[in-house]
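Fold and geometry: a report
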Amino acid sequence: MKYVDEFRDPKAAKSLLKAIADKIEELGATKEKPIHIMEICGGHTHAIFRYGLDKLTPDGLEFIHGPGCPVCVLPMSRVDECIEIAERSEVIFTTFGDAMRVPGTKGSLLQAKADGADIRMVYSPLDALELARRNPNREVVFFGLGFETTTPSTALAIQQAATEELGNFSVFCNHITVPPPIKVLLDDPLMVLDGFVGPGHVSMVIGIKPYEFIPRDYGKPIVVAGFEPLDLLQSVLMVLVQISEQRAEVENQYARIVPDDGNPVSIAAIDDVYAERPTFEWRGLGEIDASGLRIRDKYQLFDAEEKFGIGNATNRRVVEEPEGCACGEVMTGRIKPMACPQFGKGCTPDMPLGALMVSSEGACAAYWQYGGARSAAE
Amino acid sequence: MCLGIPGKIVEITDPATNMALADVSGVQRKVNVTCVLGEGLDTLIGKYVLIHVGFAMALIDEDEAKKTMDTLNALGEAQEEFEAMFASDRALEGRT
């Protein structure tokens, strides 16, 4: 158990691992017939690999890595649209650094920047607002990206821009929501999922009630979890206990950060600024109903889709994934990253073909980073 | 992006826009505190918060702040957050 000694409390970790192993044995799960638990959040995927939790837990437990990495599910067409906006001479295009290397059909934002587009990496939408204040003769566009964790920040930035009447600021909105893709995965007859480890910081914003359909309609347990290895182990154990007691409920392991009702200020900002799109495209998963957000008409002055006539507001372009890229199958847990023919060949973190290799929260990047180091160590 | 980073509120810089200065492991960073206002701006000074992309999203205690920082360091995400903050400072100055 070489990894356990790195944990804050190795004794507690060993005791949790023992309890997990006992439950797996009690449930009769084996390597051939494992219990499948999906961690939805990309941050959890990263932590599971970093701490070797997949190796420390028994073979009868299999982690399925979910679609919770926002840059990984960004479709090629949206990347293309970012570049189209960024190439306009009046535009300063601002984005989180994570999105710079996501490939579109005509390259990435990083390549567009090298080709002369004014693209700047910002830490926060507040910095994009500040750029707009300092550059009144330029159009500053912020690439609004992410799940409910970052959605409130963009909403508050738009509200602030409206208060200041900052007419040269707009957001290219690509915010998406966590519950709809979970429903798609549960409706897929080929998916075998026995329970979920739910996202921590998304739930900090939306609370735990939006997951109630999982136990109610599908009879599966979900436990909202923190990011420390002990949080994750405890959450896995809570899922297994529910399975063994034939219960299916939403439980909150991360109550120290996640109020059951979420953050009311954030929820109010989201509701004020955004409306659901009828449908939104996810890389690897296709179109998912009511899974994306658009900026409400009352804030349309700050909507880059309206301002530049680019994006879902005007026309739709569905683009096929590059040949040989199996991101969709990895994303839905059908295959492991190593089974993709391009893994480590046509697709590496330096030259990603698919988006799962781009972000540290993507399953392929996690396999690459920690799988390589692990093989060398063993 | 999804993990955030803990910081300690040291000063309210602009009450009109709910902006405060946070100390993030020695790096001073302006953050918006609208989502954790609760009992008012002044009560936030000295409190620890979990910061996501420049917005304080949850109040946490000192022990939680330390545990979170340890996890972020282990994952290499703390460094990524700081690099993103520094890159943003450069972007504001037009040095990209």
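Heads up: the structure comes first, above all this text.
For the structure given in this document, a descriptive report is provided here. The residue count restarts for each chain, going from 1 along the sequence in the order it is written. All chains are assigned letters beginning with A, and all ligands numbers beginning with 1, in the order in which they are written. Confidence filtering applies because this is a predicted model: local features only for residues at pLDDT of at least 70, side-chain atom pairs given and counted only at 80 or more, and all residues used for totals across whole chains, interfaces and linings. Only hydrogens and water are set aside; all other atoms, that is, all heavy atoms of the structure, feed into the side-chain values.

Quick look at the overall build of chain B
Helix and strand labels come from DSSP, where a helix needs a run of H or I of at least four residues and a strand needs a run of E of at least two; each type is numbered from the N terminus. A count of helices and strands for chain B gives two helices and five strands. Helices (α) and strands (β) of chain B occur, in sequence order from the N terminus, as β-β-β-β-β-α-α. Rg of the C-alpha trace for chain B: 13 Å, near the compact-globule value of 12 Å for 96 residues, within the 12% margin. The dimensions of chain B, computed from C-alpha atoms along their principal axes, are 35 × 35 × 20 Å. Atoms counted for the radius of gyration: C-alpha only. Globule rule: 2.2 Å times residue count to the power 0.38.

Focus on the pattern of salt bridges
The working definition used for a salt bridge is a side-chain nitrogen of Lys or Arg within 4 Å of a carboxyl oxygen of Asp or Glu. All told, the structure shown has 29 salt bridges over all chains when counted by the stated rule. Close ionic contact of Lys307 of chain A with Glu139 of chain A constitutes a salt bridge, the shortest N to O distance being 2.8 Å. One end of the pair, Lys307 of chain A, is in helix α13 (residues 304–308); the other, Glu139 of chain A, is in strand β5 (residues 139–146), with 168 residues separating them in the sequence. By relative accessible area, Glu139 of chain A is classed as buried at 18%. Taking the shortest distance from any N to any O, the salt bridge between Asp297 of chain A and Arg294 of chain A comes out at 3.5 Å. In the salt-bridge network here, residues are joined through shared partners; they are Arg8 and Glu228 of chain A together with Lys66 and Asp70 of chain B. Buried residues are those whose accessible area, probed at 1.4 Å on protein chains only, stays under 20% of the maximum for their type, while exposed residues exceed 50% and partly exposed ones sit between those limits.

Points about the state of the cysteines
Disulfide: a pair of cysteine sulfur atoms within 2.5 Å of each other. What the rule picks out here adds up to one disulfide over all chains. Here Cys69 of chain A pairs with Cys72 of chain A through a disulfide, and the sulfurs are 2.3 Å apart. Classification of the bridge connecting Cys69 of chain A and Cys72 of chain A rests on its S-S torsion, roughly 60°, and on that basis the disulfide is right-handed. Side by side, Cys69 of chain A and Cys72 of chain A carry an identical accessibility label, which is buried. Lacking any disulfide linkage, Cys364 of chain A is separated from the closest cysteine sulfur, that of Cys327 of chain A, by 5.4 Å. Between Cys35 of chain B, a cysteine without a disulfide, and Cys173 of chain A, which holds the nearest cysteine sulfur, the sulfur-to-sulfur distance is 16 Å.

Some thoughts on the interface of chain B and chain A
Note: interface size is frequently given as the accessible area lost on complex formation between the parts. We call two residues in contact whenever any of their non-hydrogen atoms come within 4.5 Å of each other. Chain B puts 37 residues into the contact, and the matching count from chain A is 43 residues. Reported buried area values correspond to the accessible surface (1.4 Å probe) lost by two parts on association, with both partners' losses combined. Taking both partners together, chain B and chain A bury about 3,500 Å²; carbon and sulfur atoms supply 63% of that area. At the boundary of chain B with chain A, the tally comes to three salt bridges. Among the ionic pairs, Asp70 of chain B bridges to Arg8 of chain A, the shortest N-O distance being 3.5 Å. Looking at the side of chain B that touches chain A, the elements that each hand over two or more residues are β3 (27–32), β4 (48–52), β5 (55–60), α1 (62–75) and α2 (77–92) of chain B. The element that contributes the greatest number of residues to the side of chain B that touches chain A is α2 of chain B, accounting for nine residues. Classes in brief: Ala, Val, Leu, Ile, Met, Phe, Trp, Tyr, Cys and Pro nonpolar; Asp, Glu, Lys and Arg charged; the others, Gly included, polar. Split into classes, the residues belonging to the side of chain B that touches chain A amount to 20 nonpolar, nine polar and eight charged.

Let's talk about helix α4 (residues 76–86) of chain A
Across the 11 residues of α4 of chain A, 10 count as buried, placing the element largely inside the fold. Along α4 of chain A, the residues that are buried comprise Met76, Ser77, Arg78, Val79, Asp80, Glu81, Cys82, Ile83, Ile85 and Ala86 of chain A.

Some points on the packing of aromatic side chains
All names here are of chain A. Only the six-membered ring of Trp is used, alongside the rings of Phe and Tyr, when aromatic pairs are assigned; centres must lie within 6.5 Å, and planes under 30 degrees apart are stacked while those over 60 apart are edge-to-face, with the rest tilted. As enumerated under the stated definition, the model contains 10 aromatic pairs over all chains in all. Members of the aromatic cluster, each reached through a chain of ring pairs, are Phe93, Phe143 and Phe172. Charges are assigned to positions over rings by a cutoff of 6 Å between ring centre and Lys NZ or Arg CZ, combined with an angular limit of 35 degrees from the ring normal. The side chain of Arg50 reaches across the aromatic face of Tyr51, ending 5.3 Å from its centre.

Comments concerning the packing of helix α6 (residues 125–134) of chain A against α2 of chain B
Only the stretch in contact is used when fitting a helix axis, every axis being a line fitted to C-alpha atoms; angles between N-to-C directions are given from 0 to 180 degrees. For the pair α6 of chain A and α2 of chain B, interaxial distance at closest approach is 10 Å and the crossing angle is 10°. The orientation of α6 of chain A relative to α2 of chain B falls into the category roughly parallel. Contact with α6 of chain A, carried on its side by Asp127, Glu130, Leu131 and Arg134 of chain A, involves Ser88, Ala91 and Leu92 of chain B of α2 of chain B and no other residues of that element. Looking at side-chain class alone, the contact of α6 of chain A with α2 of chain B contains three nonpolar, one polar and three charged residues. For this classification, under 35 degrees means roughly parallel, over 145 means roughly antiparallel, 65 to 115 means roughly perpendicular, and everything else is oblique.

Quick look at empty space enclosed by the protein
Think of a ball as big as a water molecule: rolled over the atoms, this probe shows where empty space is left. Whether a set of points on the 1 Å grid over the protein atoms alone is a cavity depends on a 1.4 Å probe fitting there but being unable to get out, while an open set qualifies as a pocket with protein on both sides within 12 Å along at least five of seven lines; lining residues are those with an atom within 4 Å of a point. Grid points are joined across faces, edges and corners, and a volume is the space filled by probe spheres set on the points. In total, this model carries five cavities of 30 Å³ or more according to the counting rule given. Estimated volume of the largest cavity: approximately 120 Å³. Around the largest cavity, the lining is made up of 16 residues, and of these Gly68, Phe147, Thr149 and Val202 of chain A together with Cys2 of chain B lie nearest the centre. At the level of secondary structure, the elements contributing two or more residues to the lining of the largest cavity comprise β1 (35–41) and α9 (200–206) of chain A. Residues that form the lining of the largest cavity fall into these classes: 10 nonpolar, five polar and one charged.

Looking at unusual backbone geometry
Outside of glycine, negative phi angles account for most residues, and trans bonds account for most peptide bonds. The backbone of Gln246 of chain A shows a phi angle near 55°, a positive value even though the residue is not glycine. Inspection of the secondary structure assignment puts Gln246 of chain A in the loop between α11 (229–244) and β9 (250–252). At Ser25 of chain B, a position not held by glycine, the phi torsion is positive, near 50°. Secondary-structure assignment places Ser25 of chain B in the loop between β2 (19–24) and β3.

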